[in-house]
Amino acid sequence: MERTILNTLRAMDTSDGAGVRLKRALGYNPSVRLDPFLMLDAFSSDNPDDYIAGFPPHPHRGFETVTYLVEGHMRHRDHLGNEGDLKQGGVQWMTAGRGIIHEEMPQQKNGSLRGFQLWINLPAAEKMKPAKYRDIADTEMPRLDLASGGQVKALAGEVTIAGQRLSAPVKGGQADPLYLDVVLRPGETLAVPLTQGHNAFLYLFEGRVEVAGDAVDTHHLATFTDGDRVTLVAQKRGARLLLLAGKPLGEPIAQYGPFVMNTQDEINQALRDYRDGTLTAEPSLL
Ligand code: FE
């Protein structure tokens, strides 16, 4: 069954970190969370004033952050001294688990910085596991060149499109996310199979696209009805979008900023642990 658009939401202009300007497509209102996805931020600017201050040291507990850099260069550093360079087209997959204190800083003085940060919730059984990182270079992610000129890049999950299997380095887990970066030429159509029962949405960051007759404009997020596929039709300027799907965890969510747990007691514990320096169970270096 074909998925259709359930809701269309305009991304909200906001700022985070030390004043990085961004558009929050998901997560500005708890009622528009899309289990297992908690938040999606889009940052895009040619003006260093919008991004140069970056995200100085801050904590996380209970979920995963997936940073995708479309353009630019950022460096990640955590409380244990782990460092990672995030370069054009690359992904950093961070499992905060029990806790992480890290900074995410632009490594450029000028030029364009464009990318996304997605938050994916962890099930209760995995919220307190040790933190883990995975850096995935642009070249490690599979791509499919469409006959009509567009391209699909798989950041996470597995999917078969036009008879070709795309299998990203990150796959599986309880949320089993599918994360695609899709570029479509003007008028191009793309059908993507999606697992029935998984929550799915798209975020359009260039152009305009139609899904089952309903249009989605730039900087809008569209959620879908259930079904086993979605068909995207790019309008006359073409389209570029993120397409995401994941298995809902179906657990209660208690959130306080960068801590996402199941109960308020667990949030209080996270705040105490952060205050006492035991959030990560390792001495804090930052
Ligand atoms: Fe962070």
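Scope of this entry: the structure provided in the associated data block. (Residues numbered from 1 in each chain as written. Predicted model: local features only at pLDDT ≥ 70, side-chain atom pairs only at ≥ 80, totals over all residues. Heavy atoms only, no water.)

## Re helix 1 (residues 264-276)
Relative to the 18 Å expected for 13 residues at 1.5 Å per residue, helix 1 spans 18 Å between its end C-alpha atoms, a close match to the ideal helical length. Those residues of helix 1 that sit buried are Ile267, Ala270 and Asp273. The arc that holds every buried residue of helix 1, seen down its axis, measures 120°, which confines them to one face. Facing away from the buried side of helix 1, by more than 90 degrees, are the exposed residues Asp265 and Arg275. Packed against the buried residues of helix 1 are strand 23 (254-256) and strand 24 (259-261). Of the residues one or two after helix 1, Gly277 is the one with positive phi, at around 80°. (Helix = DSSP H or I, 4+ residues; strand = E, 2+ residues; numbered from the N terminus. Expected span 1.5 Å × (residues − 1). Buried < 20%, exposed > 50% of the residue type's maximum accessible area, 1.4 Å probe, protein only. Arc of directions from axis to C-beta. Contact = heavy atoms within 4.5 Å.)

## Side note on empty space enclosed by the protein
As enumerated under the stated definition, the model contains 1 cavity of 30 Å³ or more in all. Size it by volume and the largest cavity reaches roughly 40 Å³. As for the largest cavity, its lining consists of Val20, Arg21, Phe43, Ser44, Ser45, Asp50, Tyr51 and Leu113. When residues of the lining of the largest cavity are traced back to their parent elements, those giving at least two are strand 3 (20-26) and strand 4 (37-45). Along the lines of polarity and charge, the residues of the lining of the largest cavity split into 4 nonpolar, 2 polar and 2 charged. (1 Å grid on protein atoms, 1.4 Å probe; cavity = no way out; pocket = protein on both sides within 12 Å on 5 of 7 lines; lining within 4 Å. Points joined across faces, edges and corners; volume = space filled by probe spheres on them. Nonpolar A, V, L, I, M, F, W, Y, C, P; charged D, E, K, R; others polar.)

## Points about the layout of surface pockets
Counted as a void, the largest pocket has a volume near 500 Å³. When contributions to the lining of the largest pocket are tallied by element, the ones reaching two or more residues are strand 3, strand 4, strand 5 (55-60), strand 7 (73-78), strand 8 (83-87) and strand 11 (113-121). The biggest single contributor to the lining of the largest pocket is strand 5, with 4 residues. Per-class residue counts for the lining of the largest pocket are 11 nonpolar, 11 polar and 8 charged.

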